[in-house]
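Remarks on the overall topology
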Amino acid sequence: MTESGYLLTAILLPFELLLPLLGILLIRSQSPTNGLIYRSFLGSIAALIYALIGAPDVALTEVLIGTLLSMLLYIVTIKSCYTVVMMQDSSALPDDQTLDHLLQVFAELHLKPTTKDFIDSNQFSIPEIFSECKGRSGSPHAFIRHQTLYVESNVLKSEIIESDYFQANPFLDSVIVLDSKEEES
């Protein structure tokens, strides 16, 4: 091996060691935003390695497709993660003040309620309502009946209950996590 080969190996080694580390961080990431950052660094470092070993075409492809395009797709996906499909019971509507409080909690959590469907819980059980809405969106669903909020996600329930607004204004009787496979008790 020539002296320039040893130099190139010495330059690439730290970057090559970063790739598996970033891969592990990406896989274990709980936050979509952190995942986006790790994926961007992973693609950028891979492109740098490709460029240094003499494959500029592969490096350019990695930057354009692997990093930029996937980053744009991740951003769109992350943005859609911050919506919640909101439904109300038409036979037991909550008062306007409760809805305003709920919208304040959603605003604090940076959630955007996408729809306000009215569904009659006298015609359907709450598990049936959730199972019927599964195909509408990948976002968490919330169904409000009087002063009780039913949600599909334990994470959403804990974020609502732990929000500063809800702690200062406990306006709901309860927040219940209800999977579409569970029976209403």
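Located above this text is the structure these notes cover.
Residues numbered from 1 in each chain as written. Predicted model: local features only at pLDDT ≥ 70, side-chain atom pairs only at ≥ 80, totals over all residues. Heavy atoms only, no water.

1. Comments concerning the pairing of strand β1 (residues 83-89)
Summarising burial for β1: seven of the seven residues are buried, a large majority. Burial along β1 is two-sided: the residues Thr83, Val85, Met87 and Asp89 and Val84, Met86 and Gln88 are all buried. Across four bridges, β1 lies against strand β3 (residues 141-145) in parallel orientation. Bridge pairing in β3 places Met87 opposite Phe143. (Buried < 20%, exposed > 50% of the residue type's maximum accessible area, 1.4 Å probe, protein only. Helix = DSSP H or I, 4+ residues; strand = E, 2+ residues; numbered from the N terminus. Pairing = 2+ DSSP bridges.)

2. As for helix α2 (residues 32-52)
When the terminal C-alpha atoms of α2 are compared, their 30 Å separation across 21 residues agrees well with the 30 Å that a helix rising 1.5 Å per residue should span. Once α2 finishes, Gly54 follows within two positions and takes phi at roughly 95 degrees, a positive value. (Expected span 1.5 Å × (residues − 1).)

3. Describing the pattern of salt bridges
Inspection of every chain in the model, using the stated rule, returns two salt bridges. With its nearest N and O atoms 3.7 Å apart, the salt bridge here joins Glu62 to Arg39. One end of the pair, Glu62, is in helix α3 (residues 56-81); the other, Arg39, is in helix α2, and 23 residues separate them in sequence. For Glu62, a relative accessible area of 17% translates into the label buried. Between Asp89 and Arg145 there is a salt bridge, with its nearest N and O atoms 2.7 Å apart. Taken together, the positions of Asp89 in strand β1 and Arg145 in strand β3 put the pair 56 residues apart, joining distant regions of the chain. Given a relative accessible area of 0%, Asp89 falls into the buried group. (Salt bridge = Lys/Arg side-chain N within 4 Å of Asp/Glu carboxyl O.)

4. Observations concerning the packing of aromatic side chains
As enumerated under the stated definition, the model contains two aromatic pairs in all. Between the aromatic rings of Phe143 and Tyr150, the centroid separation amounts to 6.4 Å while the plane-to-plane angle is 45 degrees, which identifies the pairing as tilted. Since its relative accessible area comes to 0%, Phe143 is described here as buried. We classify Tyr150 as buried; its relative accessible area is 11%. Ring centres 5.4 Å apart and planes at 75 degrees place the aromatic pair Phe166 and Phe171 in the edge-to-face group. Given a relative accessible area of 10%, Phe166 falls into the buried group. (Phe/Tyr/Trp six-rings, centres within 6.5 Å; stacked < 30°, edge-to-face > 60°.)

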